[in-house]
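Each chain is listed here by its residues.
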Amino acid sequence: MASVVFEAASRIYPGTTAPAVDKLNLTVNDGEFLVLVGPSGCGKSTSLRMLAGLEEVDNGRILIGDRDVTNVAPKDRDIAMVFQSYALYPHMTVAENMGFALKIAGTPKEERERRVLEAAKLLDLEPYLERKPKALSGGQRQRVAMGRAIVREPQVFLMDEPLSNLDAKLRVATRTQIAALQRRLGITTVYVTHDQVEAMTMGDRVAVLKDGLLQQVDTPRNLYDNPANAFVAGFIGSPAMNLLNAPIVGGKAMLGNLGLAVPASAGNEVTVGVRPEGFTPSTEGFHVLVEVVEELGSDAFVYGKPADTNVKFANATDEGAQIIVRWDPKNPPKAGQTITVTANPSAVHLFNSTTGERI
């Protein structure tokens, strides 16, 4: 097992000026499950491919353990990668697919069979070892791809959106299996996904990227409770945090008639962040025109627009932006109604409306 260190690692693709990954400084501890997450084009897959040796490192360096692998060939880095596509050989059985890399490496047949059987037991694949991939479901094929990585007994697992080809229910089941398996094996794992729910439920820590820049790396709980900036606040959490620009009047940020305490240095306007569960019904405060109510049985979420003219969405270009409020599922409002809410002071996050940084 080994730690992974990115030291000011950058990747600039030919013909472009902006780095795909810009001076990434990130340490993955020995045995840790770290998730790289962010929107499409943020540099998460590029970072993983740099670690794998599939992309050049234009500046900086990458270490696995105490070894600088920046210019080491992928096959010599002692890593195993699980891709979005299963990339199984259709003419080989499950056992042959799982043991193929060992066969190429010249591992003796007895050792190869032992490792394949151990991995099959871990992944509940024993009944399928003699089947071909076409006779397996999507989830089983993904487990075979995992098994192929496990038998190599690498220092580091790299996983690039391995669940994106599975249906929603199977994704939930498989992500818990992968997280449990990683904890059992204790192998350092770097996992890439665009799905922040996946990131929050699987990772020991989560690194959030945007435009090639690392925004924040922390435990899922701390990312949720203490986002470093408005981007992280809006990206982490489902449903998303409400981000609203509010004018400061008399030392308070005003959302309709709801006044929120702000520091004296806040200026004339501030971005207020409140998660859906941070709002509570009230007789006075912030008014929301209800457009849609999602009733989920144990929960209800109200989606609407601000009914107060002094409230604007922080991202003015987001035409589909809505206020989201978690509501009592036994007594939800109707579309077309106007509800009044207040915000729990402990649930309010404040950000600079120009830079997006936390205040």
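- Under an unreviewed UniProt entry, the protein chain has the name Multiple sugar transport system ATP-binding protein and belongs to Candidatus Planktophila vernalis.

**Some words on the environment of arginine 171**
(1) Moving on: Position of arginine 171 relative to the elements: it lies in helix α5 (residues 168-185).
(2) Moving on: Spatially, the C-alpha atom of arginine 171 lies 28 Å from that of glycine 53, the residues being 118 residues apart in sequence.
(3) Moving on: Those residues within four positions of arginine 171 in sequence are excluded, and the remaining contacts are Leu163, Ser164, Leu166, Asp195 and Glu198.

**Looking at the UniProt feature "domain: ABC transporter" (unreviewed entry) in the protein chain**
(1) Moving on: Taking the UniProt record as the reference, the feature "domain: ABC transporter" (unreviewed entry) is found at residues 4-236.
(2) Moving on: Between the end C-alpha atoms of residues 4-236 the distance is 24 Å, and the span holds 36% helix and 24% strand.

**Quick word on the sheet that holds strand β2 (residues 21-28)**
(1) Moving on: In space, the four strands of this open sheet follow the order β2-β1-β4-β5, with antiparallel pairing throughout. The open sheet terminates on both sides in strands that have one partner only, identified here as β2 and β5 (67-68).
(2) Moving on: Packing of helix α1 (residues 44-52) onto the sheet brings it into contact with β1 (4-11), β2 and β4 (59-64), and relative to β1 it is tilted by some 115°.

**Focus on the side chain of threonine 188**
(1) Moving on: Within the fold, threonine 188 resides in strand β8 (residues 188-193).
(2) Moving on: A relative accessible area of 0% places threonine 188 in the buried class.
(3) Moving on: Within the structure, the side chain of threonine 188 is placed 2.5 Å from the backbone oxygen of alanine 2, a separation counted as a polar contact.
(4) Moving on: Polar contacts involving the side chain of threonine 188 include one to the main-chain amide nitrogen of glycine 31, which spans 2.8 Å.
(5) Moving on: Among all residues touching threonine 188, those that are not within four sequence positions of it are Ala2, Val4, Val28, Asn29, Asp30, Gly31, Glu32, Gln155, Val156, Phe157 and Gln182.

**As for the pattern of salt bridges**
(1) Moving on: Overall, the coordinates contain 17 salt bridges when judged by the stated rule.
(2) Moving on: The partner of arginine 11 in a salt bridge is glutamate 55, with the nearest N and O atoms 3.3 Å apart. Here glutamate 55 lies in the loop between α1 and β4 and arginine 11 lies in strand β1, a separation of 44 residues in the sequence. Considered together, arginine 11 and glutamate 55 belong to a single accessibility category, that of buried residues.
(3) Moving on: One salt bridge in this structure joins arginine 221 and aspartate 225, with 3.0 Å as the shortest N-O distance. With a gap of four residues between them, arginine 221 and aspartate 225 both fall in helix α7 (residues 220-225), about one helical turn apart.
(4) Moving on: By sharing partners, the salt bridges in this structure join Glu111, Arg114, Arg115, Glu118 and Glu153 into a single network.

**Focus on the domain arrangement of the protein chain**
(1) Moving on: Domain boundaries in the protein chain define domain 1 (4-225) and domain 2 (238-352).
(2) Moving on: Taking only C-alpha atoms into account, the centre of domain 1 sits 38 Å from that of domain 2.
(3) Moving on: At the junction of the two partners, domain 1 supplies five residues and domain 2 supplies four residues.
(4) Moving on: The contact between domain 1 and domain 2 buries some 350 Å² in all, and 39% of this surface belongs to carbon and sulfur atoms.
(5) Moving on: If you sort the residues of domain 1 by the area they bury against domain 2, Gln196, Tyr224 and Asp225 come out on top, with a joint share of 89%.
(6) Moving on: Joining domain 1 to domain 2, the criterion identifies two residue pairs in polar contact (both at pLDDT 80 or more).
(7) Moving on: When residues of the side of domain 1 that touches domain 2 are traced back to their parent elements, those giving at least two are α6 (196-202) and α7.
(8) Moving on: The element best represented in the side of domain 1 that touches domain 2 is α7, accounting for three residues.
(9) Moving on: Its residues assigned to classes, the side of domain 1 that touches domain 2 shows three nonpolar, one polar and one charged.

**Quick look at the packing of helix α2 (residues 94-104) against helix α4 (residues 138-150)**
(1) Moving on: Relative to each other, α2 and α4 sit at 35°, their axes nearing to 7 Å. The interaxial crossing formed by α2 with α4 has right-handed handedness. Across the interface between the two elements, Val94, Asn97 and Met98 from α2 touch Val144, Gly147 and Arg148 from α4.
(2) Moving on: Here the contact of α2 with α4 is built from residues that sort into three nonpolar, two polar and one charged.

**Quick look at helix α3 (residues 109-122)**
(1) Moving on: For α3, built from 14 residues, the straight-helix expectation of 20 Å at 1.5 Å per residue is met to within 8% by its first-to-last C-alpha distance of 20 Å.
(2) Moving on: Considered for burial, the residues of α3 that qualify are Arg112, Arg115, Val116, Ala119 and Ala120. For α3, the angular spread of the buried residues around the axis is 135°, confining them to a single face.
(3) Moving on: Where α3 is buried, its residues contact α2 and α4.
(4) Moving on: Among the residues trailing α3, aspartate 124 stands out with phi positive, at a value near 55°.

Cut-offs applied
- Residues numbered from 1 in each chain as written.
- Predicted model: local features only at pLDDT ≥ 70, side-chain atom pairs only at ≥ 80, totals over all residues.
- Heavy atoms only, no water.
- Helix = DSSP H or I, 4+ residues; strand = E, 2+ residues; numbered from the N terminus.
- Contact = heavy atoms within 4.5 Å.
- UniProt positions renumbered as here; feature names shortened; annotations may be inferred.
- Pairing = 2+ DSSP bridges.
- Axes fitted to C-alpha atoms, helices over the stretch in contact; angles between N-to-C directions.
- Buried < 20%, exposed > 50% of the residue type's maximum accessible area, 1.4 Å probe, protein only.
- Polar contact = N/O pair within 3.5 Å; in protein donor to acceptor, adjacent residues only side chain to side chain.
- Salt bridge = Lys/Arg side-chain N within 4 Å of Asp/Glu carboxyl O.
- Domains from an automatic or database assignment.
- Buried area = accessible area lost by both parts, 1.4 Å probe.
- Nonpolar A, V, L, I, M, F, W, Y, C, P; charged D, E, K, R; others polar.
- Left-handed = near helix turned anticlockwise from the far one by under 90°.
- Expected span 1.5 Å × (residues − 1).
- Arc of directions from axis to C-beta.

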